[in-house]
Amino acid sequence: MKNKYLYIQTFGCQMNVHDSEQMAALLAQCGYKMTDNLKLADLILLNTCSIREKAAHKVYSELGRIGKLKEQNPELIIGVGGCLAQHLGTKFHKRVVHLDLVFGTHNIHRLPEMIASVKNEREKITNVDFYKSLNSIGIYAPPVKGTVSAFVTIMQGCNNFCAYCVVPYLRGPEMSRKPEDIFAEIEKLVDHGIKEVTLLGQNVNSYGKTLGKGLNFTALIKKIGKISGIERIRFMTSHPRDLSLELINCFAEEEKLCEHIHLPVQSGSNRILALMNRGYTVEEYMKKVDHLRKLSPHISITSDIIVGFPGEAQNDYQETIDMMEKIRFDSTFSFKYSERKGTAAQKLEGKIEECEKSRRLTQVQALQDHHTLQANLALEGSLQELLVEGKSKNSENDLMGRTSSWKIVNFKSESELTGKRVNVKISKAYLHSLRGKIDDI
Ligand code: SAM
Ligand code: SF4
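Computed from a prediction, not measured in an experiment: that's the story for all the values here.

1. Let's talk about the site of ligand 2
Contacts to ligand 2 come from Cys-158, Asn-160, Phe-161, Cys-162, Tyr-164, Cys-165, Val-167, Pro-168, Gln-202, His-239 and Arg-278. For the shell around ligand 2, the class distribution of residues is seven nonpolar, three polar and one charged.

2. Concerning helix α9 (residues 245-253)
Within α9, burial applies to Leu-247, Ile-248, Cys-250 and Phe-251. The arc enclosing the buried residues of α9, seen along the axis, measures out at 145°, which places them on a common side. Buried-residue contacts for α9 involve α8 (217-225), β11 (232-236), β12 (260-262) and α11 (282-295).

3. Observations regarding the sheet that holds strand β10 (residues 196-200)
The three strands are arranged β7-β10-β11 in an open sheet whose pairing can be described as parallel. Of all the strands in the sheet, the pair left with one neighbour each is β7 (149-153) and β11. Averaged over all neighbouring strand pairs, the angle between strand axes comes to 25°, with direction disregarded. Sheet analysis places β7 next to β10, joined by five bridges and oriented parallel. Looking at β10, one finds that Ala-150 is bridged to Val-197. Across the face of the sheet, helix α1 (residues 14-28) comes into contact with β7, β10 and β11 while running at roughly 95° to β7.

4. Details of the site of ligand 1
In the region of ligand 1, 15 residues are neighbours, and Tyr-164, Gln-202, Gln-266, Asp-304 and Ser-338 sit closest. One of the side-chain nitrogen or oxygen atoms of Arg-52 is found 3.2 Å away from an oxygen atom of ligand 1. At 2.8 Å, a backbone N or O of Ser-338 approaches a nitrogen atom of ligand 1. Taken by itself ligand 1 offers 560 Å² of open surface, and the protein chains cover 91% of this. Going through the elements one at a time, β13 (300-307) and β14 (331-336) are the ones with two or more residues in the shell around ligand 1. The residue makeup of the shell around ligand 1, split by class, is six nonpolar, four polar and five charged.

5. Remarks on a negative patch on the surface
Residues Glu-283, Glu-284, Glu-319 and Asp-322 make up a contiguous surface patch of negative charge. Of all elements in the fold, only α11 and α12 (314-327) reach the threshold of two or more residues within the negative patch. Relative to the helices and strands, Glu-319 is located in helix α12.

6. Structural notes on the packing of helix α7 (residues 179-191) against α8
Taken N-terminus to C-terminus, the directions of α7 and α8 make an angle of 30°; their axes are 11 Å apart at the nearest point. Read as a crossing pair, α7 and α8 show a hand that is right-handed. Facing α7, whose interface residues are Pro-179, Ile-182, Phe-183 and Ile-186, α8 presents Leu-220, Lys-223 and Ile-224. Tallied by class, the residues present in the contact of α7 with α8 amount to six nonpolar, no polar and one charged.

7. Quick word on the nonpolar core
Ranked by internal contacts, the top residues of the largest apolar core, which has 64 residues, are Ile-154, Ile-186, Leu-199, Phe-217, Ile-224 and Phe-235. Tyr-7, Ile-44, Cys-49 and Ala-56 belong to the second largest nonpolar core, which has 23 residues in total.

8. Digging into the pairing of strand β17 (residues 408-412)
Look at any regular strand and the pattern is simple: side chains alternate between the two faces of the sheet. Two strands pair when backbone bridges link them, and strand β16 (residues 398-403) and β17 are joined in this way by five bridges, in the antiparallel orientation. Bridging across to β17, Met-400 finds its partner in Asn-410. Count of turn residues in the β16/β17 antiparallel hairpin: four residues, of which Trp-406 carries a positive phi of about 80°. When β17 meets strand β19 (residues 434-438), the two strands line up parallel, connected through three bridges. Residue pairing for β19: Asn-410 is matched across the bridge by Arg-435.

9. Here we look at the sheet that holds β13
Taken in spatial order, the three strands make up an open sheet running β12-β13-β14, and their pairing is parallel. Unpaired on one side and paired on the other, β12 and β14 mark the two borders of the sheet. Along the sheet, successive strands turn relative to each other by an average axial angle of 10°, direction set aside. Alignment of β13 against β14, held across six bridges, turns out to be parallel. Pairing of Asp-304 across the sheet is with Phe-333, part of β14. Contacting β12 and β13, α11 runs over the sheet at an angle of about 160° to β13.

10. So, unusual backbone geometry
Note that the residue after Met-236, namely Thr-237, is joined by a cis bond; omega there is 5°. With respect to the secondary-structure elements, Thr-237 resides in the loop between β11 and α9. Positive phi is not limited to glycine here, since Arg-122 has a value of about 45°. Judged by its relative accessible area of 41%, Arg-122 falls in the partly exposed class.

11. Some thoughts on the pattern of salt bridges
Applying the stated criterion across every chain yields a total of 24 salt bridges. With a closest N to O distance of 2.9 Å, Lys-412 and Asp-398 form a salt bridge. Placement of the pair is Lys-412 in strand β17 and Asp-398 in strand β16, with a sequence separation of 14 residues. Accessibility expressed as a relative area gives 5% for Asp-398, which makes it buried. Within this structure, Glu-312, Glu-356, Arg-359 and Arg-360 form a network of salt bridges that share partners.

12. Let's talk about a positive patch on the surface
Taken together, the side chains of Lys-91, Lys-94, Arg-95 and Lys-341 make up a positively charged region of the molecular surface. Residue position: Lys-94 is located in helix α4 (residues 91-95). Lys-94 sits in the exposed class, given a relative accessible area of 69%.

Calculation notes
Residues numbered from 1 in each chain as written. Chains lettered and ligands numbered in written order. Predicted model: local features only at pLDDT ≥ 70, side-chain atom pairs only at ≥ 80, totals over all residues. Heavy atoms only, no water. Near = heavy atom within 4 Å. Nonpolar A, V, L, I, M, F, W, Y, C, P; charged D, E, K, R; others polar. Buried < 20%, exposed > 50% of the residue type's maximum accessible area, 1.4 Å probe, protein only. Helix = DSSP H or I, 4+ residues; strand = E, 2+ residues; numbered from the N terminus. Arc of directions from axis to C-beta. Contact = heavy atoms within 4.5 Å. Pairing = 2+ DSSP bridges. Axes fitted to C-alpha atoms, helices over the stretch in contact; angles between N-to-C directions. Polar contact = N/O pair within 3.5 Å; in protein donor to acceptor, adjacent residues only side chain to side chain. Areas by Shrake-Rupley, 256 points an atom, 1.4 Å probe, with all protein chains shown as cover. Patch = residues over 30% accessible without salt bridge, like charges linked within 9 Å, V, L, I, M, F, W, Y side chains within 5 Å. Salt bridge = Lys/Arg side-chain N within 4 Å of Asp/Glu carboxyl O. Lys, Arg positive; Asp, Glu negative; His and termini not counted. Charge placed at Lys NZ, Arg CZ, Asp CG, Glu CD. Left-handed = near helix turned anticlockwise from the far one by under 90°. Core = buried A, V, L, I, M, F, W, Y, C linked by side-chain atoms within 4.5 Å.

Encoded structure:
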């Protein structure tokens, strides 16, 4: 039988990256092999993002390019999933005529039957229903051979309704997966060679709330810590309002929990944080950061920042800069506010000009680069334990590993060390990585 090839392009966050892994795993059971050659593909899926306008534009331009392939190969099936697909539903078919399939964020598990309908009935399919079950996020994706780190989705959706954000509308209400399903998935991953798991959810701190009297997030981490074969645990993303003292203490108590937290602050102005509906003040945020650093002195703290939210005056923006100077994040993802249809922020007055948003973003990013480099330079001469992930992207002869604090370290080694934990001495710091030398002692 002729091989069938699947090409997937992923836009957006870690959630989407993992959703794509699940799509590939499910379709492998239907005989599809992955390819990175578009021209070879029988099925092309774009896993889309619509967090910001720019992400949506990228999807349209990619679909334009892919549409040309259908002229040469009418049997080619083209599908879109993810947040933009959830948002547009049937309208996607009107905008992009060569699309065969539009599937929403809760419908990954239905891909095989939807593809069969497209093939057999040559009809256009749309499925963007929300379900009360967790079928989509429970799909097991076996890791690629040689991979040591894997994502595990522990919850779906979000109930927070931050004023700028479309996630609650496009991923539905928050729902936690049962702990026993999570443990079973992690045990399978360990059997496939995985040593490190990153627990994924839009707001992991509220894990368990929809399960009644089950485990909370800290208890879940501690139980995962007992799974033999798991050496490191990470999680993302954590909402500052819900970051409990219990979870902060867990960084000191649970040896396998890595010294890194991604804690999106969004703004340094209390007025803007209130307009964003974030539910904390800058002072409360900083108190939690101080506490984290007290209990876990080497912890790296990363964050997300939005500039140019409606009504963000020069002094509000200056407060964001002041907050960055005080906290000195290890790194941040920063964005220009992007207006999204249907969100509370869309109705706010005081929209900021695009050029002013760009100016603020450039400054925030320059300041962050300075802080990141300083934080990395402070590690020169230190001894760091790495989990070796494989070959370095920089050079065929080098290996790459991550510190517990999530920093990339490239180093030379004669032996194959993938999956091992090794100690290296940091010899040189750069903005995006570190260079190290295996410690012989
Ligand atoms: N659930 C996570 C949280 O609460 O931080 C992150 C969700 S979102 C995928 C990732 C980041 O995108 C957010 O932290 C925020 O900084 C940014 N973001 C979300 N909506 C945005 C918008 N309309 N404009 C600009 N940035 C946005
Ligand atoms: Fe969006 Fe806020 Fe939910 Fe994060 S917590 S996904 S920013 S609504």
